[in-house]
Amino acid sequence: MGRAEERRARQRGGRRAAPPTRSSEETAPTAGANPSGTASTASTASTATTATTEAEPTVIGGRAAARKAAQAEAKGRGKKGKTGKGKNDKSFLRRMFTWKKIVGTVFGLCLLGMGAFIAMYMMIDIPAGNADAELQSNVYKYSDGSLLTRDGERNREIVDLAKVPKKVQYTFVAAENKTFYQDGGVDLKGTARGLLNTLSGKGTQGGSTITQQYVKNYYLTADQTVTRKLKELVISLKLDREKSKDYILAGYINTSYYGRGAYGIQAAAQAYYRVDADELTVEQGAYLAALLQAPSQYDWAVASDTGKELVKARWNYVLDNMVGQGWLDKAKRAEMQFPVPKEPKAAPGMGGQTGYLVDAANDQLARQLVAQGTADNVNDAVTMVKAGGWTITLNIDKKRQKALESAAKSQLTSKLDPKKRKVDADVQAGAVSVNPKTGAVVALYGGTDYYKHYRSNATRVDYQPASTFKPVILAAALDEDAKTQSGKAISANTIYDGTSKRQVVNNGTKVGFAPENEDDQNYGPITVQTAMNKSVNSVFAQMGVDVGMDKVLKVADQMGMDTAKLKSVPAQTLGTMGASPWQMAGVYATLDNHGRQVTPTIIKSVENSKRQVKLPDPIGAQIVSREAADTVTSVLTGVVDDGTAKVSVRDNTKRDGRKVAGKTGTSDENLSAWFTGYTPDLVTSVGLFGEAAKGGAHVPMYKAGGFPRVNGGGFPAQIWATYTFGVSSKSAKFDLDTTQGAAVQPSTTPTVSETPSQTPSESATTSKPPTSSAPPSQTPTTSAPVETPSQTPTTSPPASTPVETPTEPENPLGDDEQ
């Protein structure tokens, strides 16, 4: 085979044939020179065969290599031919983002940041005290713009650190910054976290040293900005270099806010323990140090149960840190008891109801500053408010405020005589009045006098709302289209078993809860309307289970009560959670506003030269359907006209035809009594609370005012009626979208059989209401502990007594109920 033939063979094989070897090149001419053609052909074939056999390994390797090279070359040509990009693009990205360049960029940015920080450090000096550290006034106005009060006297007295016991000094270091005496004045990790959170809008999450907190309090402001945080970092570093640790600690404990209007450790020592700073014990110092984390939440006099648990835990944390740092003997630490602070005293200029109004406005403003991101936390927000410079116009209407105060005096305080009856000194009253269309708090009653009773009864949440919670259960039932155990839809006309101590049933199983009705009264089969009128516990306990207590508590939370974290158990149907008149006014305002959420607000407008405050809309989303809310309103008109409030409200000579809906409530052991009611244009919640005159413990109100029991239909309903009928519209009408309840005259009313079963019957077939039904003879043989036992139970009426009209003697201050 000649060279041309070999070349053509290689081309046909796709370049896979082996390249010509030296032996083949030498053999070909020899074969060609043979004069015998036959011999030449045979010799050539033989030589070719021999060459192929000898070169086989080389041919295989060569073919693979050639194939790979050809594929790579074809791929490159294809890409270039199609787009002109591909490999070039990848090469460009690789060239742009090499490790060297990335590392170089990061290093450059670090150098740039360091340079910027050095420049800031050189440019920023330690300033004089900020403007907020100067004494300013807050101005509070009524809704018409007239002056309510000024609050400008700063309760602060600077003391030398030497006058503060050394171990008390250590309590603040142990609480806030254990490394205070060793660090350079800043916490870089905490500051970086704060900057990132500020940039992302999440607020700060602690991490500041005592030096940084002092700088923020005295030299800067509590504003949540990146600029402020960077300045805080630089000034803290300089201050730590130029001043002693004692200087910084003295400034910190003398400028911090401790609650109760107290700035600095001297004012705090007086406010909480009635002693000077040099007389503080380690235990007391640890409490004051713990307060700095959350003064409003941790003040023992106003703290919730959760707040008290948290401040105790914080107190223990402080002392344990002192032991760990070697500042406190472990044996002495073990002997220490929590030092309960003394009752607070009101600040000057806050007498009467003024202090309660100012506190409510300050609290709402502080919470809004946190909500809109102006302040990091409530503590910083309170500091901003207390610093002064605010003009706050309240929604309080002077005429209605005066009327509410007058009603409380004429219907309650003037009738109490502690000299004649010791229990009269234990009765506290609170009330909140709200416009249901706007959410405006138009009047508020916090107690007899801010100087005499520092804690506002209008906003306290430590007493049970009792049966004023029942409308929430019904609202949830109607909104959820809930059904009874037998599958009947719940409505105002649904029949339930009103037997006292009746076991609550869930899917045929007893749940271990059998609440007692007031005075152990048996009502037998009654409608939901009558059960609301008579406030029958056994009916609403069963209804709560029928609806699902998780759903009931969810609706309650959305309507303004603090129930989101409560355990959903049947006992909650009796209103055993804590609530305030402020919260209950919001709940009933939502009902009055046809199911749209109403959040009570005492602030009408806020002005400040340095900060903007955007107030949220008090009217929120639709919580329950309009039909459900209006049906509850219709049912509650029956409580007024034929229930526990008929004496004080229905028969009141000043009612003058006004449309009224409402509900009474009296808690177990007569610790609280309520009436929350509304006209179409005004919602008011009035609560009475048994609080020991000395010590503040919850105590019963039996025999207060000369009556065996303080009921919701008594003093609370009388205060409500006297106030409401003096300031509400006479012509306003309820615009109800419902066909149920006492406000609607049904064409037919249900009746039931004479022998109700153990489980409630909901059938309604005839045109007569239930009358004179004998109470069921069967009573539960297994009863759970009663959640609301009567203090003075009576026997059940005889079988011949009509259950719809119990024959107990009528209390001149209103029917008993729970």
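Residues numbered from 1 in each chain as written. Predicted model: local features only at pLDDT ≥ 70, side-chain atom pairs only at ≥ 80, totals over all residues. Heavy atoms only, no water.

**Quick notes on the sheet that holds strand 13 (residues 603-608)**
- Pairing is mixed across the open sheet formed by 4 strands, whose spatial order is 2-1-5-13. This sheet does not close on itself; its edge strands, each paired only once, are strand 2 (147-151) and strand 13. The average angle at which neighbouring strand axes cross in this sheet is 15 degrees, direction not considered.
- For strand 5 (residues 390-394) and strand 13, the ladder comprises 5 bridges, and the chain directions are antiparallel. Across the sheet, W390 pairs through a bridge with N608, a residue of strand 13.
- Across the sheet, helix 17 (residues 354-371) touches strand 1 (138-141), strand 2, strand 5 and strand 13, and the angle it forms with strand 5 is around 110 degrees. (Pairing = 2+ DSSP bridges. Helix = DSSP H or I, 4+ residues; strand = E, 2+ residues; numbered from the N terminus. Axes fitted to C-alpha atoms, helices over the stretch in contact; angles between N-to-C directions. Contact = heavy atoms within 4.5 Å.)

**Topic: the nonpolar core**
- One finds L365, L369, L394, L444, F469, M543 and I602 to be the most contacted residues of the largest nonpolar core, which totals 91 residues.
- If one sorts the elements of this core by residue count, helix 17 sits on top with 8 residues.
- Contacts of I602, omitting those with residues within four sequence positions, involve L357, A360, A361, Q364, T393, L394, N395, I396, V441, L444 and W582.
- The next biggest cluster of nonpolar side chains, apart from the first, holds 54 residues, and it includes L161, V215, Y258 and L319. (Core = buried A, V, L, I, M, F, W, Y, C linked by side-chain atoms within 4.5 Å. Buried < 20%, exposed > 50% of the residue type's maximum accessible area, 1.4 Å probe, protein only.)

**Things to note about a nonpolar patch on the surface**
- Together, W99, I102 and V103 make up an exposed nonpolar region whose accessible area comes to about 360 Å².
- Mapped onto the elements of the fold, V103 is located in helix 6 (residues 99-123).
- For V103, a relative accessible area of 52% corresponds to the exposed category. (Patch = residues over 30% accessible without salt bridge, like charges linked within 9 Å, V, L, I, M, F, W, Y side chains within 5 Å. Areas by Shrake-Rupley, 256 points an atom, 1.4 Å probe, with all protein chains shown as cover. Salt bridge = Lys/Arg side-chain N within 4 Å of Asp/Glu carboxyl O.)

**Side note on helix 7 (residues 166-176)**
- Burial analysis of helix 7 places 8 of its 11 residues in the buried class, which makes it a mostly covered element.
- Packed against the buried residues of helix 7 are helix 9 (210-219), helix 11 (245-255), helix 12 (265-273), helix 13 (282-291) and helix 15 (305-324).

**Some remarks on the side chain of N321**
- When you line up the elements, N321 lands in helix 15.
- Given the relative accessible area of 11%, N321 is considered buried.
- Not counting chain neighbours up to four residues away, the residues in contact with N321 comprise A174 and K178.

**Description of the side chain of E691**
- You can see E691 is positioned in the loop between strand 17 (682-690) and helix 27 (715-727).
- Side chain to side chain, E691 and H453 meet in a polar contact 2.7 Å long.
- Not counting residues within four places of it along the chain, the set of residues in contact with E691 comprises A425, D426, Q428, H453, R460, Y463, G696, A697 and V699. (Polar contact = N/O pair within 3.5 Å; in protein donor to acceptor, adjacent residues only side chain to side chain.)

**Thoughts on unusual backbone geometry**
- Unusually for a residue other than glycine, R260 sits at a positive phi of about 55 degrees.
- Within the fold, R260 resides in the loop between helix 11 and strand 4 (262-263).
- R260 gets classed as buried once you look at its relative accessible area, which sits at 11%.
- Phi at A466 takes a positive value of approximately 55 degrees, unusual for a residue other than glycine.
- The residue A466 is located in the loop between strand 7 (441-445) and helix 20 (470-479) in this model.

**A short note on the confidence of the model for the protein chain**
- Chain-level statistics for the protein chain give a pLDDT mean of 80 and a share of 71% at 70 or above.
- Here residues 21-61 scores under 50 on pLDDT; set against residues more than four positions off or in separate chains, the count is 14 contacts.
- In this model residues 747-818 is a low-confidence stretch, pLDDT under 50, and it forms 162 contacts with partners more than four residues away in sequence or in other chains. (pLDDT = per-residue confidence, 0-100.)

**Thoughts on the packing of aromatic side chains**
- Under the counting rule described, the total for this entry stands at 20 aromatic pairs.
- The aromatic ring of W315 is capped on one face by R333, whose charged end is 5.7 Å from the ring centroid. (Phe/Tyr/Trp six-rings, centres within 6.5 Å; stacked < 30°, edge-to-face > 60°. Lys NZ or Arg CZ within 6 Å of the ring centre and 35° of its normal.)

**Details of the pattern of salt bridges**
- In total, this model carries 19 salt bridges according to the counting rule given.
- Taking the shortest distance from any N to any O, the salt bridge between R260 and D299 comes out at 2.9 Å. Linking R260 in the loop between helix 11 and strand 4 with D299 in the loop between helix 14 (295-298) and helix 15, this pair joins segments that are 39 residues apart in sequence. The same class applies to R260 as to D299, namely buried.
- Two residues, R650 and D651, come together in a salt bridge whose shortest N-O distance is 2.8 Å.
- Here R650 falls in the partly exposed class, since its relative accessible area comes to 33%.

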